[in-house]
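Overview (structure and organization)
Listed here are the chains, written in short residue letters.
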Amino acid sequence: MAIVTGAANPGNIGSETAEIMAREGASVVLADVAEDELVATTRALADKGYNVASCVTDVSSEDAVKALIAFTVEKFGRLDVIDNNAARTAVGADLLVADMDIDLWDKTFAINARGIMLMCKHGIPEMIKVGGGSIINISSGTATGGNFFTTAYASSKGAIEVLTRYIATQYGPYKIRCNAVAPGPIMTSSLKRGLSPELRDIFRRHTVLGEFGKPSEIGEVVAFLASDRASFVTGQIIQVDGGSSVHLSTSVELAEMMASGNMPTA
Ligand SMILES: NC(=O)c1ccc[n+]([C@@H]2O[C@H](COP(=O)([O-])OP(=O)(O)OC[C@H]3O[C@@H](n4cnc5c(N)ncnc54)[C@H](O)[C@@H]3O)[C@@H](O)[C@H]2O)c1
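Scope of this entry: the structure provided in the associated data block. Owing to the predicted nature of the structure, the values given are computational and were not obtained by experimental measurement. (Residues numbered from 1 in each chain as written. Predicted model: local features only at pLDDT ≥ 70, side-chain atom pairs only at ≥ 80, totals over all residues. Heavy atoms only, no water.)

1. Some words on the overall build of the protein
Inclusion rule: By the criteria applied, helices consist of DSSP H or I runs no shorter than four residues and strands consist of E runs no shorter than two, each listed in order from the N terminus. Based on C-alpha atoms, the radius of gyration is set beside the globule rule, defined as 2.2 Å times the residue count to the power 0.38. Think of it in three bands: with a 1.4 Å probe and only protein chains considered, a residue is buried below 20% of the maximum accessible area for its type, exposed above 50%, and partly exposed in between. Contacts between residues were defined by any pair of non-hydrogen atoms, one from each residue, lying within 4.5 Å. Working definition of accessibility: Shrake-Rupley area with a 1.4 Å probe, residue cover restricted to the visible protein chains. His is not counted, nor are the chain ends; Lys and Arg add positive charge and Asp and Glu add negative charge. Positions of charges follow a simple convention, taking NZ of Lys, CZ of Arg, CG of Asp or CD of Glu.
Tallying secondary structure elements over the protein gives 9 helices and 7 strands in all. Taken against the 2.2 N^0.38 rule, which gives 18 Å for 266 residues, the C-alpha radius of gyration of the protein at 19 Å falls within 12% of a compact globule. Each principal axis of the C-alpha distribution contributes one length, and for the protein these read about 65 × 40 × 40 Å. Within the protein, the proportion of its 266 residues that are buried is 44%. In the protein, the proportion of contacts linking residues at least 24 apart, taken out of those at least 6 apart, comes to 74%. Accessible surface computed for the protein: about 13200 Å², of which carbon and sulfur atoms make up 56%. With 22 positive and 30 negative side-chain charges, the protein shows a spacing of 4 Å between the two charge centroids.

2. Some points on the site of the ligand
Using the following cut-off: Nearness is defined per residue: one heavy atom within 4 Å of the molecule or strand is enough. Side-chain atoms alone can form a polar contact between residues adjacent in sequence; in general such a contact is a pair of N or O atoms within 3.5 Å, and within protein one must be able to donate a hydrogen while the other accepts it. Just so you know the grouping, Ala, Val, Leu, Ile, Met, Phe, Trp, Tyr, Cys and Pro go in nonpolar, Asp, Glu, Lys and Arg go in charged, and all remaining residues, Gly too, go in polar.
Among the 25 residues in the neighbourhood of the ligand, the closest are listed as Asn12, Asp32, Asn85, Tyr153 and Ile186. Between the ligand and Asp58 there is a distance of 2.8 Å, counted from a nitrogen atom to a side-chain nitrogen or oxygen. Within the backbone of Ile186, one N or O atom sits 2.8 Å away from an oxygen atom of the ligand. Within the complex, the protein chains bury 90% of what would otherwise be the 810 Å² of accessible surface of the ligand. Its residues placed into classes, the shell around the ligand shows 12 nonpolar, 10 polar and 3 charged.

3. Some points on the sheet that holds strand β5 (residues 133–138)
Where we set the bar: Between any two strands, pairing holds if DSSP finds at least two bridges. A fitted line through C-alpha atoms represents every axis, and for helices the fit uses only the stretch in contact; the resulting angles, taken between N-to-C directions, go from 0 to 180 degrees.
Taken together, the 7 strands give an open sheet; going across it, the order is β3-β2-β1-β4-β5-β6-β7, and neighbouring strands pair in parallel fashion. Because the sheet does not close on itself, it has two edges, and the strands there are β3 (52–56) and β7 (237–240). Across the sheet, the mean angle from the axis of one strand to that of its neighbour is 20°, orientation sign disregarded. Across the sheet, helix α3 (residues 62–76) is in contact with β1 (2–5), β2 (28–32) and β3; its angle to β3 comes to roughly 155°.

4. Points about unusual backbone geometry
In this structure, Thr150 is a non-glycine residue whose phi angle is positive, near 60°. By the secondary structure assignment, Thr150 is in the loop between β5 and α5 (151–171). Judged by its relative accessible area of 22%, Thr150 falls in the partly exposed class. For Lys175, which is not glycine, the phi dihedral falls at a positive 65°. You can see Lys175 is positioned in the loop between α5 and β6 (176–183).

5. Concerning helix α2 (residues 35–47)
To be explicit about the condition: Helix span is expected to be 1.5 Å times the residue number reduced by one. Taken from the helix axis, the directions to the C-beta atoms give the arc we talk about.
Helix length check: α2, at 13 residues, gives a terminal C-alpha distance of 18 Å against a target of 18 Å (1.5 Å per residue), a fit within 8%. The complete set of buried residues in α2 reads Leu38, Thr41, Thr42 and Leu45. Taken end-on, α2 shows its buried residues confined to a sector of 95°, consistent with a single buried face. Of the exposed residues in α2, those oriented more than 90 degrees away from the buried face are Asp36, Arg43 and Asp47. Elements in contact with the buried residues of α2: α1 (13–23), β2 and β3. In the segment just after α2, Gly49 is the residue with positive phi, at about 95°.

6. Focus on the pattern of salt bridges
Any two side chains of opposite charge can pair if their charged atoms end up close together. The criterion, for reference: Any Lys or Arg side-chain nitrogen located within 4 Å of an Asp or Glu carboxyl oxygen qualifies as a salt bridge.
Across all of its chains, the model carries 8 salt bridges by this definition. Ionic pairing is found between Glu217 and Lys214, a salt bridge with its closest N-O pair at 3.7 Å. Residue class for Lys214 comes out partly exposed when judged on its relative accessible area of 49%.

7. Topic: a nonpolar patch on the surface
Under the convention used in this document: In this scheme, patches are assembled from residues that exceed 30% relative accessible area and form no salt bridge. Like charges are connected within 9 Å, while nonpolar side chains (Val, Leu, Ile, Met, Phe, Trp, Tyr) are connected within 5 Å.
Together, Leu95, Leu96 and Phe148 line one region of the surface with nonpolar side chains, adding up to about 320 Å² of accessible area. For Leu96, a relative accessible area of 43% puts it in the partly exposed group.

8. What to know about the packing of α3 against helix α4 (residues 102–129)
Using the following cut-off: Geometric relationships in this document are graded by angle, where less than 35 degrees denotes roughly parallel, more than 145 denotes roughly antiparallel, 65 to 115 denotes roughly perpendicular, and other angles denote oblique. Crossings are sorted by hand: turned counterclockwise from the far helix by less than a right angle, the near helix makes the crossing left-handed, and turned clockwise it makes it right-handed.
Contact geometry of α3 with α4 gives a least axis separation of 9 Å together with a crossing angle of 30°. Here α4 runs roughly parallel to α3, going by the angle between their axes. In this structure, α3 crosses over α4, and the sense of that crossing is right-handed. Here α3 contributes Glu62, Val65, Lys66, Leu68, Ile69 and Val73 to the contact with α4, which in turn contributes Leu118, Met119, Lys121, His122, Gly123 and Glu126. Split into classes, the residues belonging to the contact of α3 with α4 amount to 6 nonpolar, 2 polar and 4 charged.

Any functional reading would require information that these geometric values do not contain.
Structure follows, in structure tokens:
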């Protein structure tokens, strides 16, 4: 029995993850603030024969999160898995620290960091009742280094990576595992809409596999972490990024030099 937050958008990471988990036999509650999209996405999964339900939820609200957990337990009898995928994502004004809009910073942290803490605060007691569970927090590759945009977003993702280790430590003795998945550039509808050709090219060049990831490639890793196949994995931050985070910053230029026939010499 699983909850996936931020699952409203068809074809994006949350809905793809919900479908993969449902295909593997889980009953899944899809939760999101975007009511119309949430209802339509859940209906499309139900029409494929999956055991799913939807619950409109603002994860930054403690009352709403309590209601989501209560709905889930009432509907399906237990809670085993939480995929904390909801986030305030692309905000064009999230740029340099000296220009930071405090409201933007606070809203980003309220959804991305407090939202995950609330889901864990109210979900963990239900998992303890059934002898354990698995929590997966969706972070971001933006938290692995400094950059010129997504300052508040990346900082909020850094916060949840630390929270992931604290939850793994505190609730491991109750057989609750907690891991984070940090996606690199994944071609979702918002990136398709919002990314200029120049930025697309930069991301692609810095992904050693040479392309953007697909939402399902995050969902597959989440489903693995949710399952007993990952029974000895906890407290980890797993980069699912086509290699964006593994190469030295100089390697992109060196690869281009070599491609043009200039072998670098030391
Ligand atoms: N697409 C990428 O390249 C990428 C890269 C790194 C990390 N991520 C992370 O993956 C996750 C999914 O992102 P996505 O790219 O599929 O985009 P998305 O916009 O489809 O997912 C975010 C969802 O969160 C929902 N949401 C926003 N505020 C909410 C709230 N207060 N309560 C409940 N739901 C709320 C949105 O309505 C949306 O459906 C996010 O955590 C994002 O930070 C994505």
